[in-house]
Each structure stands twice: as structure tokens, then as C-alpha cells.
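Listed here are the chains, written in short residue letters.
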Amino acid sequence: MSPARRTLALGLGVAAPTLALALGWLLAGLRERAMLAEQRRGELVQAAELLRAAVRESLEELRRREDARPFEHYGRFYRPPEVLALGEAVALSPLAGEPDDPRISAYFQIDPDGRVRTPYATEPGGSPRAVAVEATVAGPEFAPLRALSFGSGAPAGDPSLTVALNDLGNAAYRDLADARRGDALAAERAQKVRLPQTSRNLVTWDAIQSQQAQNAPPPQQASAEPVFEAIQQQYAAGPQGHVSADGSQRPLPKAHVPEDIPQEAGPSLDYSPMTYLRLGRTVVLQRVVSHAGAGSVQGAVLDEGRLAGEWLAALVARHALPEATPTIAATSAAEACALARPVHDEVLPDLAFCFPAPAAPPGGSLVLQLGVLLGLGGVVAAALVAIARAARRSDELSAQKTAFVSAVSHELRTPLTTLRMHAEMLQEGLVAPERLPVFYDDLAHESVRLSRLVENVLAVAQLEEGRRVLQLRPGDLAAQIRDIVDDQARHVERRGFPPVELALPDEPVVVRCDPQAIEQILVNLLDNALKYAADQRAAGLRVALEVEGDQAVLRVQDRGPGIPEADRDRVFDRFYRVARERDAHTPGTGLGLALVRELARGHGGEAVALARPGGGAELQVRFPLASAAARPT
Ligand code: ADP
């Protein structure tokens with residue numbers, strides 16, 4: 001595996017677990033969010049059940065209170081009011097005033113004969129409250145309730161049942177009224193009035209139903225049946241089922257009867273348990289009280305506005321958790337709620353506790369988490385790209401170095417072989433005396449080539465390690481160039497090139513330079529020209545020096561293939577060689593131009609490759625003139 005692939009694999013090896021971790025983090029966040037939502041829902045359900053339990057308890061408490069009221073409270077002890085005088089001892093029903101429970105709007109009684117009565121004082125013309133309540137109870141929605149009352153009197157001939165339900169208590173008042181009429185001793189006699197004290201038997205709805213079946217006229221019975229069923233269902237379902245099904249007797253609650261009214265033991269009455277009943281949109285608490293074949297319906301009309309308003313609001317305020325406070329909404333409009341539960345399944349099914357969705361959904365940091373994940377993904381991707389680039393670069397460098405090593409060894413082998421063969425032939429006297437000058441020349445040439453190669457490699461290594469410091473001294477560049485080209489004349493000639501065309505200014509061109517470096521620059525450029533323009537040797541080479549502004553410009557020109565534009569900058573990179581079919585067998589290491597550029601820069605100048613007008617390559621090296629270099633910048 002190449003180093004690049006290895007590096008890339010390493011990068012992927014680091015990136016993949018990082019991304020997997022980040023993804024895991026995101027998933028964990030999502031799961032946590034789902035759990036939080038589930039938990040929140042659980043909390044809401046719990047809060048709703050708490051509130052519903054509070055509603056049930058409060059309604060049950062109301063029911064028990066009303067259940068405990070004696071028969072007399074609902075319709076007795078104040079009629080007929082016109083017979084009473086101020087200051088007389090009168091037992092007034094505690095239900096005659098404003099109901100003390102805000103949930104109740106009015107009390108009522110439906111007499112055995114179907115007459116609706118309310119326990120409010122009936123002034124001449126009727127009190128507005130009495131009229132309104134009586135109108136409600138006498139209205140069509142209450143018809144099934146009215147059908148529950150039955151009988152109008154005791155069966156004839158039964159002396160123990162001579163007092164029917166309608167007349168209980170009223171008989172005492174009749175005495176009182178009679179006594180009052182025109183009698184000067186009315187007060188005294190009133191004190192003597194003895195009111196019957198009834199006792200109660202709790203009976204089941206079944207018992208009431210069968211009593212009614214015996215005593216009610218057929219149409220009433222027919223319309224009463226669904227109501228019985230509804231009441232029985234409520235008893236079967238609701239927590240009010242505390243009423244014993246066998247009709248066992250309950251302790252009699254103390255009646256609100258003033259002490260100055262004399263009492264006597266009265267008859268015992270059958271009470272059905274008090275239950276809630278919905279009549280259209282009206283909720284009532286009702287029971288049937290029966291005696292001697294007559295049954296009255298007693299109850300309270302609940303104020304739905306109050307129930308839905310102040311009562312529920314107060315209940316929510318008292319029992320709701322601060323973080324889960326519902327509003328009261330119509331059950332039909334509950335879709336908008338995060339959670340909706342009916343306030344009470346039987347009594348108030350049309351109202352619901354509506355929990356709003358939390359203002360900030362749990363896990364609001366999802367966006368942040370996604371952002372972080374995306375950012376991380378971006379960073380990982382960028383890092384992978386950078387790693388891939390670095391890996392490719394390192395691959396290129398390693399390929400270049402491999403090429404360099406093989407090139408250098410090849411470059412070394414050729415002159416070394418020539419040197420060894422020539423030396424051996426000389427040693428063994430195999431060279432004819434007239435060929436000796438050529439042999440010596442070859443030996444000199446190859447050793448020069450060898451030493452140049454070694455010099456180049458060393459020079460690059462020294463520059464790379466920062467060990468080489470150029471010795472810059474002002475000198476005439478033109479004179480140096482002339483000397484170097486003269487030195488190379490023999491070499492040029494041996495390569496079959498005509499003498500180099502030299503174009504130098506007449507005046508000295510003074511630059512601060514290191515003569516050895518200048519020689520390395522020019523020799524490398526001439527070597528390249530001889531190597532790459534060998535096909536066009538007849539066209540010769542040209543070396544020119546010109547002064548342009550504050551620079552001395554050295555040009556080495558040939559008529560060879562030139563350097564493709566795309567490679568003109570890269571040829572100055574170390575080990576870079578133009579990939580060209582024709583140069584495949586041209587020896588070289590890719591170090592020459594790199595060395596030229598570094599040395600040029602060491603002089604404060606620059607080296608560039610250009611196309612020579614008319615074809616060929618032009619390698620240009622610019623040096624700052626000594627006067628310019630000395631000038632303060
Ligand atoms: P090399 O040892 O390969 O000559 P250099 O650094 O001297 O290394 O040159 C880099 C590359 O530039 C060469 O491989 C060659 O392709 C190209 N080059 C340099 N000089 C010339 C030239 N005068 N004409 C054409 N191509 C050249």
C-alpha cells in the first residue's frame with residue numbers, strides 16, 4: 001500500500017469512528033428527546049388523573065351532603081307562608097335562601113302529583129328565583145325526572161298510611177294555620193304544634209322502581225324507565241356505589257329543625273340514594289323519597305356555568321402542578337391540546353382538561369446538535385481532503401525521490417564505466433599511441449561530468465540543509481560569463497555544437513555575486529541546452545547578458561523543443577522532469593533547474609523559463625545590479 005493510501009486509510013480510520021460517535025450522540029439525543037416527551041406525557045396523564053380524582057371527590061362530597069339532607073329540607077316547613085306571622089316560631093328550610101354551595105343554582109321537589117315546588121318563599125306573584133327554577137324543572141328536559149314521582153295519596157282504608165307524602169308536615173302547618181286564623185293565642189298554640197319527625201330507610205333503585213310500577217299511571221311509568229336505567233348505570237359505574245345495594249339502613253342525619261318547634265315521632269320514609277343525572281345540558285342531583293305508595297323527587301339543579309367557571313378554576317388552582325396547568329375546554333375542541341381528558345366521565349363529559357403543549361419542546365438543542373454534527377462532518381471532510389492532498393504530495397515526492405535515486409545511479413554508472421574501461425585499456429596497453437589523446441580527453445570529460453553531478457547533488461543537499469552560505473562580492477558578471485563560456489567551449493564543441501554566440505555589453509555589469517554559484521548556474525543551463533537541443537545543434541546556442549533597469553538579465557537560448565508552458569514553473573521544482581517521449585532516454589536528475597533557481601534567489605534574483613521567439617527555450621536569470629542592491633530600500 002502506498003504511503004498516500006496508508007495515510008488516507010489512517011485518516012478514514014480516525015474520521016469514521018468520530019462520525020460514528022457523533023451520530024451516536026445525535027441518536028442518543030433523539031432517543032432522550034423521545035423519552036422526555038414520553039415522560040412529559042406521562043406527567044400530564046398523571047396530572048390529569050389527579051385533577052379528575054379531585055373533581056370526582058368534590059362532586060361525591062357534594063352528593064353525600066345532599067344525600068344526607070332529610071326529606072323535610074326540600075319542600076316542607078314553610079308552607080303555606082301566608083299563615084305565618086313575623087316573630088312566630090317557624091321551621092324554615094335551610095334550602096330556602098341562596099344555596100350556600102356555589103355549584104348549586106336551586107333546590108326543587110316534584111310532588112307525587114307531579115307539581116313542581118321550590119323551597120323559596122313564595123311571595124304573591126312568586127319570587128323570581130322560584131318562578132325560574134319551577135319553569136326549568138317543569139320544562140321538557142325534566143319530563144323523565146318528573147315521571148319518577150308517583151302516587152298521590154295513601155290507598156284507602158289503610159289507617160297507618162292515612163298521611164300521604166304530600167301531607168307530611170303540612171298537616172302540622174295546617175293546624176298551625178287554623179290556630180293562627182283569628183285566634184289571639186296563636187303564638188302560644190304555635191309553640192304547641194308538634195311536627196312529625198320522619199325516619200329514613202335507604203332503599204335501592206330497584207325497590208323504588210317496583211314501588212313506582214305499582215303506583216304510577218302507565219304513561220308516567222313508560223317515560224321513567226330510561227331514567228331508571230341511566231341512574232342504575234351511573235351507580236354501577238361510579239364511585240357513588242357506596243350505597244349498599246341491599247338497601248340497608250343508614251344512620252339518620254340530624255334534621256335542621258329549630259328546637260322550639262315541638263317534634264314527634266313520624267312515619268318512616270324510603271329514600272333512594274342521591275345520584276347525578278344529566279338532563280340535556282343540565283346536571284341535577286336527585287333522589288326519590290317514597291312513603292305509603294307515593295313518591296316525590298327531590299334534588300338540586302347544578303349551575304353548569306359555575307361548575308365550568310369558578311369551581312373548576314379553583315380546583316385547578318388548588319390541585320394542578322405549576323408545570324402542568326390545564327385550561328378548561330369543550331371536549332369537541334380538544335384537538336388543539338397536547339393532552340385532553342374529560343373533567344368527569346358521566347357528570348361533565350362535555351368539558352375537558354386541556355393541557356397546552358409545552359412552550360419550549362423538550363430538547364430544544366436539536367438544532368444545535370445537528371449544527372455541531374454538520375460542523376464536525378465539515379471539519380472531518382476538510383481534514384480528509386487535506387490528508388488526501390498531503391498524502392498525494394508525499395506520494396509524488398517519494399516517486400520523485402525514487403526517480404532521482406535511479407537517475408543519479410544511472411548518471412553515476414555511465415561515467416564510472418567509461419573511466420574504468422579506459423583505465424583498464426590504458427593499463428593493459430591496448431590503446432594505440434595515436435588514439436591516446438582522445439582517450440585522455442574522454443577520461444577528462446567523464447570525470448568532469450561525474451564531478452558536476454556530485455557537485456549538483458551536494459549543492460542541493462547543502463542548500464536544503466542550510467549549510468551553504470553564498471559569498472556575495474561585487475564583481476563583473478559579463479567577464480565571469482565570458483570566462484565560463486570559454487571554459488565550456490571544448491565541451492560544446494565535443495557535443496557537435498557550433499561555438500556559443502555570446503552577446504555581452506561592453507561595460508562591466510557589476511553585481512554582488514558568488515563566482516562559484518554563477519558558474520554552477522551557467523554550466524547547468526548550458527548543459528541542459530546541449531542535452532535537450534541536441535537535435536537542433538546546428539542552430540547553436542546563445543548566451544546574452546543585458547542590463548534592464550536595475551537588473552542584469554542573463555539569457556541562455558537554444559532552438560530545441562522548448563519547455564511546455566504548463567511545465568515552465570514546475571521545472572524549477574526538485575526532481576521535476578517534463579514527461580516527454582523524446583526525453584525518456586535523456587539522462588538527468590531533475591535537480592539542475594532547482595539549483596539554478598535557489599542560487600538565483602540567493603543573489604536576490606530570480607530564474608524563469610520562457611519560450612524563445614522563433615522556437616526553442618530561453619532560461620532567464622535576473623540579478624540585482626550592485627548599485628541597486630546597495631541602494632537603501
Ligand atoms: P534534468 O536533470 O532532468 O535536466 P533540470 O532541473 O535541469 O533536470 O531540468 C528539468 C526539466 O526541464 C528537464 O527534465 C527538461 O524536461 C526541462 N528542460 C530544462 N532545460 C530545458 C531546455 N533547454 N529545453 C527543453 N527542456 C528543458
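Residues numbered from 1 in each chain as written. Predicted model: local features only at pLDDT ≥ 70, side-chain atom pairs only at ≥ 80, totals over all residues. Heavy atoms only, no water.

Per the UniProt record, "transmembrane region" (unreviewed entry) is annotated on residues 366-388. Measuring from the first to the last C-alpha atom of residues 366-388 gives 32 Å, for a span that is 100% helix and 0% strand. (UniProt positions renumbered as here; feature names shortened; annotations may be inferred. Helix = DSSP H or I, 4+ residues; strand = E, 2+ residues; numbered from the N terminus.)

Looking now at the confidence of the model for the chain. Of the residues in the chain, 77% have a pLDDT of 70 or more, and the chain-wide mean is 78. Segment residues 153-164 is flagged for pLDDT under 50; beyond a separation of four residues in sequence, or across chains, it makes twelve contacts in the model. Counting contacts from residues 218-222, a segment whose pLDDT is below 50, to residues more than four positions away or on other chains yields three contacts. (pLDDT = per-residue confidence, 0-100. Contact = heavy atoms within 4.5 Å.)

A few words on unusual backbone geometry. Backbone geometry places Phe575, a non-glycine residue, at a positive phi of 65°. Mapped onto the secondary structure, Phe575 falls in the loop between strand 15 (551-557) and helix 14 (592-602). The class of Phe575 is buried, set by a relative accessible area of 13%. (Buried < 20%, exposed > 50% of the residue type's maximum accessible area, 1.4 Å probe, protein only.)

Right, let's get into the site of the ligand. Within the structure, the ligand sits among 19 residues, and Asn528, Tyr532, Arg577, Thr589 and Leu593 are positioned closest to it. Note that an oxygen atom of the ligand is positioned 2.7 Å from one of the backbone N or O atoms of Thr589. Residue Gly592 places a main-chain N or O atom 3.3 Å away from an oxygen atom belonging to the ligand. Within the complex, the protein chains bury 98% of what would otherwise be the 530 Å² of accessible surface of the ligand. Residue assignment for the shell around the ligand shows that the elements contributing at least two residues are helix 13 (515-532) and helix 14. Top contributing element to the shell around the ligand by residue count: helix 13, with three residues. For the shell around the ligand, the residue count by class is eight nonpolar, six polar and five charged. (Near = heavy atom within 4 Å. Polar contact = N/O pair within 3.5 Å; in protein donor to acceptor, adjacent residues only side chain to side chain. Areas by Shrake-Rupley, 256 points an atom, 1.4 Å probe, with all protein chains shown as cover. Nonpolar A, V, L, I, M, F, W, Y, C, P; charged D, E, K, R; others polar.)

This next bit is on the environment of Glu519. Turning to its location among the elements, Glu519 is positioned in helix 13. With relative accessibility at 36%, the residue Glu519 sits in the partly exposed group. Separated by 34 residues in the primary sequence, Glu519 and Val485 have C-alpha atoms spaced 9.4 Å apart.

Right, let's get into the sheet that holds strand 14 (residues 542-548). Reading across the sheet, the five strands line up as 12-14-15-17-16 and stay open at both edges, with mixed pairing between neighbours. One side of each edge strand has no neighbouring strand; the edge strands of this open sheet are strand 12 (501-503) and strand 16 (606-611). In this sheet, neighbouring strand axes are inclined to one another by 20° on average, regardless of whether the strands run parallel or antiparallel. Across three bridges, the pairing between strand 12 and strand 14 is parallel. Bridge pairing in strand 14 links Leu502 to Val543. The sheet strands contacting helix 12 (residues 477-494) are strand 12, strand 14, strand 15 and strand 17 (617-624), and the helix crosses strand 14 at an angle near 175°. Docked against the sheet, helix 14 engages strand 16 and strand 17, running at close to 130° with respect to strand 16. (Pairing = 2+ DSSP bridges. Axes fitted to C-alpha atoms, helices over the stretch in contact; angles between N-to-C directions.)

Moving on, we get to the sheet that holds strand 9 (residues 339-344). Strand order in the open sheet formed by three strands is 8-10-9, with antiparallel pairing between adjacent strands. Every other strand in the sheet has two partners, leaving strand 8 (327-330) and strand 9 as the edge strands with one partner each. The mean angle between the axes of side-by-side strands here comes to 40°, regardless of whether they run parallel or antiparallel. Pairing between strand 9 and strand 10 (residues 348-355): five bridges, direction antiparallel. Looking across to strand 10, one finds that His344 is bridged to Leu348. Relative to the sheet, helix 9 (residues 304-319) contacts strand 8, strand 9 and strand 10, its axis offset from that of strand 10 by approximately 35°.

What follows concerns the packing of helix 11 (residues 436-465) against helix 14. Interhelical geometry of helix 11 versus helix 14 gives an angle of 50° and a closest axis separation of 10 Å. With respect to helix 14, the axis of helix 11 lies oblique. As for the relative orientation of helix 11 and helix 14, their crossing is left-handed in sense. Across the interface between the two elements, Asn456, Ala459, Val460 and Leu463 from helix 11 touch Gly592, Leu595, Glu598 and Leu599 from helix 14. (Parallel < 35°, antiparallel > 145°, perpendicular 65-115°, else oblique. Left-handed = near helix turned anticlockwise from the far one by under 90°.)

With that out of the way, let us pick up helix 11. Taking 1.5 Å per residue, 30 residues should reach 44 Å; helix 11 reaches 43 Å between its end C-alpha atoms and fits that length. Those residues of helix 11 not exposed but buried are Phe439, Leu443, His445, Glu446, Leu450, Arg452, Leu453, Asn456, Ala459, Val460 and Leu463. Where helix 11 is buried, its residues touch helix 10 (366-427), helix 12, helix 13 and helix 14. (Expected span 1.5 Å × (residues − 1).)

What follows concerns the pattern of salt bridges. All chains considered together, the criterion is met by 34 salt bridges. Arg582 is paired through a salt bridge with Asp535; the nearest N and O atoms lie 2.9 Å apart. In this pair, Arg582 sits in the loop between strand 15 and helix 14 while Asp535 sits in the loop between helix 13 and strand 14, placing the two residues 47 residues apart along the sequence. By relative accessible area, Arg582 is classed as partly exposed at 44%. Among the residues examined, Asp535 registers a relative accessible area of 58% and is labelled exposed. Through salt bridges with shared partners, a single ionic network connects Glu61, Arg65, Glu66, Arg69, Asp101 and Arg103. (Salt bridge = Lys/Arg side-chain N within 4 Å of Asp/Glu carboxyl O.)

Our next topic: the nonpolar core. Counting residues in hydrophobic clusters, the biggest one holds 52 residues, and the most contacted among them are Ile481, Leu522, Val543, Leu545, Val621 and Phe623. For this core, the element with the highest residue contribution is helix 13, accounting for nine residues. Sequence-distant contacts of Val621, defined by excluding residues within four places in its chain, comprise Ile521, Leu525, Ala552, Val553, Leu554, Val596, Ala600, Glu606 and Ala607. Residues Ala47, Leu51, Leu302 and Leu348 belong to the second largest nonpolar core, which totals 32 residues. (Core = buried A, V, L, I, M, F, W, Y, C linked by side-chain atoms within 4.5 Å.)

Together, Leu23, Leu27 and Leu30 give the surface a local cluster of nonpolar side chains, amounting to about 260 Å² of exposed area. Looking at the secondary structure, you find Leu27 in helix 1 (residues 3-68). According to the relative accessible area criterion, Leu27 is partly exposed, its value standing at 46%. (Patch = residues over 30% accessible without salt bridge, like charges linked within 9 Å, V, L, I, M, F, W, Y side chains within 5 Å.)

Take the packing of aromatic side chains next. Summed over the entire model, instances satisfying the criterion amount to one aromatic pair. Each ring, one from Phe108 and one from Phe142, has its centre 6.3 Å from the other, and the planes form 85°; the classification is edge-to-face. With Phe108 in strand 1 (residues 104-110) and Phe142 in the loop between helix 3 (128-138) and helix 4 (143-146), this pair connects stretches of sequence that are 34 residues apart. Exposure class is identical for Phe108 and Phe142. Each is buried. Positioned over the ring face of Tyr271 is Arg200, at 4.1 Å from the centre of the ring. (Phe/Tyr/Trp six-rings, centres within 6.5 Å; stacked < 30°, edge-to-face > 60°. Lys NZ or Arg CZ within 6 Å of the ring centre and 35° of its normal.)

At their nearest, the axes of helix 12 and helix 13 sit 10 Å apart, and the two run at 45° to each other. With respect to helix 13, the element helix 12 is oriented oblique. In the packing of helix 12 onto helix 13, the handedness of the crossing is right-handed. Facing helix 12, whose interface residues are Leu477, Gln480, Ile481, Ile484, Val485, Gln488, His491 and Val492, helix 13 presents Pro515, Ile518, Glu519, Leu522, Val523, Leu526, Asp527 and Leu530. Looking at side-chain class alone, the contact of helix 12 with helix 13 contains eleven nonpolar, three polar and two charged residues.

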